[in-house]
Amino acid sequence: MRGVLFAFLVFCISLVCITDLYAQSDDDTVRQLLTAQPTTDCADYDYNARLILPGLFERRELDSIDAIIQFVEDNCNPSTFWKLRDLMTIYRGEFGDGLKGYDVYMTVVLDDFDYDVSEAYYVETNSSVDQHLQSMLGYGQFIDSLALALEDNYDSTTAEHYMLRFIRGDYGFIRRHLRAGDCPDRELQLRYDDEVERLLERSEDGLRPHLGALMGVWIPFDADNVLGPKMTLGFRGGFSYRRWELNAAMIFKFLQARRDYITKEDGYVDTSRSFFGGYIGLDGSYRLTRRDRHSFRLLGGIGFDGFDHNSRNPDRDATVVNSLNLNIGGEYRIAYGRSREFYFGLLGRYNFVNYATGGGSDLSGNTVSINLTWGWRGPNWAGKQLARIGYFD
């Protein structure tokens, strides 16, 4: 009996050992299957590299950083760690005297799209990024802080300083200096200047709607001085093409006459100081000069000019006094707004008129009008591009 019990115990222990042996064998087999092929996933290389690179720099293991960057560039995307590669070049003082070879990055400043954000800013503010990107926030902050720290070592006129600003996404700094014409890299400056010139030409292409308002004073002289100065308020609208602009204008004039004047109509003679007038016509203008926000236009127009003379007799309608109006003048404008689509201006106009009163008071003589103007010229692709690259800043 004891022999049988001992044999059964030995059998159970053997069974457990054999089962455990097979389990270990299965684990080893699975492990071998899972590790048989080395990983070639660039996403894993990228993820792991971003986790360890900040620590390597903190310990100043620069050779290890170079090795990692080179490995990823050779086996994956050669531009994955371009920011850190250029930071290492600047850190070692090996960047050189110019931006040659780096213009592929710098010319983003002049491209048709923007991504004026640093890596850290993007990861921190983009609510749609997954946990994988969120884990790289430390790397993005490392790049930004290193670039910011290195800026203090280089004057703002050096190529190194420009590159550090670019790495941090501070395109505004670069564009301001390009606008001022003091970029240290001549090739980049020439490209910016050429782009500005091209866009300025394109900004005048195509029909652009124009709307405006004006307010000022109308001053008669010679015989019609009896009417006295008048306040004016008007509107205009039309289109511009290249340097030309054509507008329909309506201007109202109001305030009583300075002295009584006489009108005759159908044999009826009336005397009063009443006055309410206006001008309706077409105005054409040509931009003579432009410099930055400032421009000057020559203007000419033709229209109908007249005013009502209310009778003191309540049974009679007002008498209309009118004249053909031929006018010439000039307008100075100061553009404003993100794309310089709006402007304030000063418009001076000399009007050739001869008001007919039907044999009443002599109202011959010409007039001058001076107006403050405000206007809007419709959106334009080239103008928006000029605004984007900092030309209007």
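Scroll up to find the structure.
Our subject in this report is the structure included herewith.

For strand E1 (residues 208–220) and strand E2 (residues 230–241), the ladder comprises 11 bridges, and the chain directions are antiparallel. Residue Ala213 lies in a different strand from E2, and its bridge partner there is Phe235. Pairing analysis gives 11 bridges linking E1 to strand E12 (residues 367–377), with the strands arranged antiparallel. Directly across from Gly212, in E12, lies its bridge partner Gly375.

Moving on: the state of the cysteines. Disulfides are covalent bonds that connect the sulfur atoms of two cysteines. Tallying each qualifying case throughout the model produces 1 disulfide. Disulfide pairing is shown between Cys42 and Cys76; the S-S distance is 1.9 Å. Taking the torsion about the sulfur-sulfur bond, which here is approximately -90°, the covalent link between Cys42 and Cys76 counts as left-handed. Taken as a pair, Cys42 in helix H2 (residues 42–58) and Cys76 in the loop between helix H3 (62–75) and helix H4 (82–91) lie far apart in primary sequence, 34 residues in all.

A word on H2. Given a rise of 1.5 Å per residue, 17 residues ought to cover 24 Å, and the 24 Å separating the end C-alpha atoms of H2 matches this to within 8%. At Ile52, H2 is deflected by roughly 30°, the largest bend along its length, and proline Pro54 occurs up to four residues later in sequence. Listing the buried residues of H2 in full gives Tyr45, Asp46, Ala49, Arg50, Leu53, Gly55, Leu56 and Phe57. Where H2 ends, the next residue or the one after it, Arg60, has phi of about 60°, a positive value.

As a further point, take empty space enclosed by the protein. Under the definition given, this model contains 1 cavity of 30 Å³ or more. Counted as a void, the largest cavity has a volume near 110 Å³. For the largest cavity, the full set of lining residues is Trp218, Thr232, Ile251, Lys253, Tyr279, Asp305, Asn325, Arg349, Asn351, Ser369 and Asn371. Elements with a contribution of two residues or more to the lining of the largest cavity: strand E3 (244–254), strand E9 (342–352) and E12. In terms of residue class, the lining of the largest cavity is made up of 3 nonpolar, 5 polar and 3 charged.

Thresholds, definitions, all that
- Residues numbered from 1 in each chain as written.
- Predicted model: local features only at pLDDT ≥ 70, side-chain atom pairs only at ≥ 80, totals over all residues.
- Heavy atoms only, no water.
- Pairing = 2+ DSSP bridges.
- Helix = DSSP H or I, 4+ residues; strand = E, 2+ residues; numbered from the N terminus.
- Disulfide = S-S within 2.5 Å.
- Expected span 1.5 Å × (residues − 1).
- Bend = angle between axes of the 7 residues up to and from the residue.
- Buried < 20%, exposed > 50% of the residue type's maximum accessible area, 1.4 Å probe, protein only.
- 1 Å grid on protein atoms, 1.4 Å probe; cavity = no way out; pocket = protein on both sides within 12 Å on 5 of 7 lines; lining within 4 Å.
- Points joined across faces, edges and corners; volume = space filled by probe spheres on them.
- Nonpolar A, V, L, I, M, F, W, Y, C, P; charged D, E, K, R; others polar.

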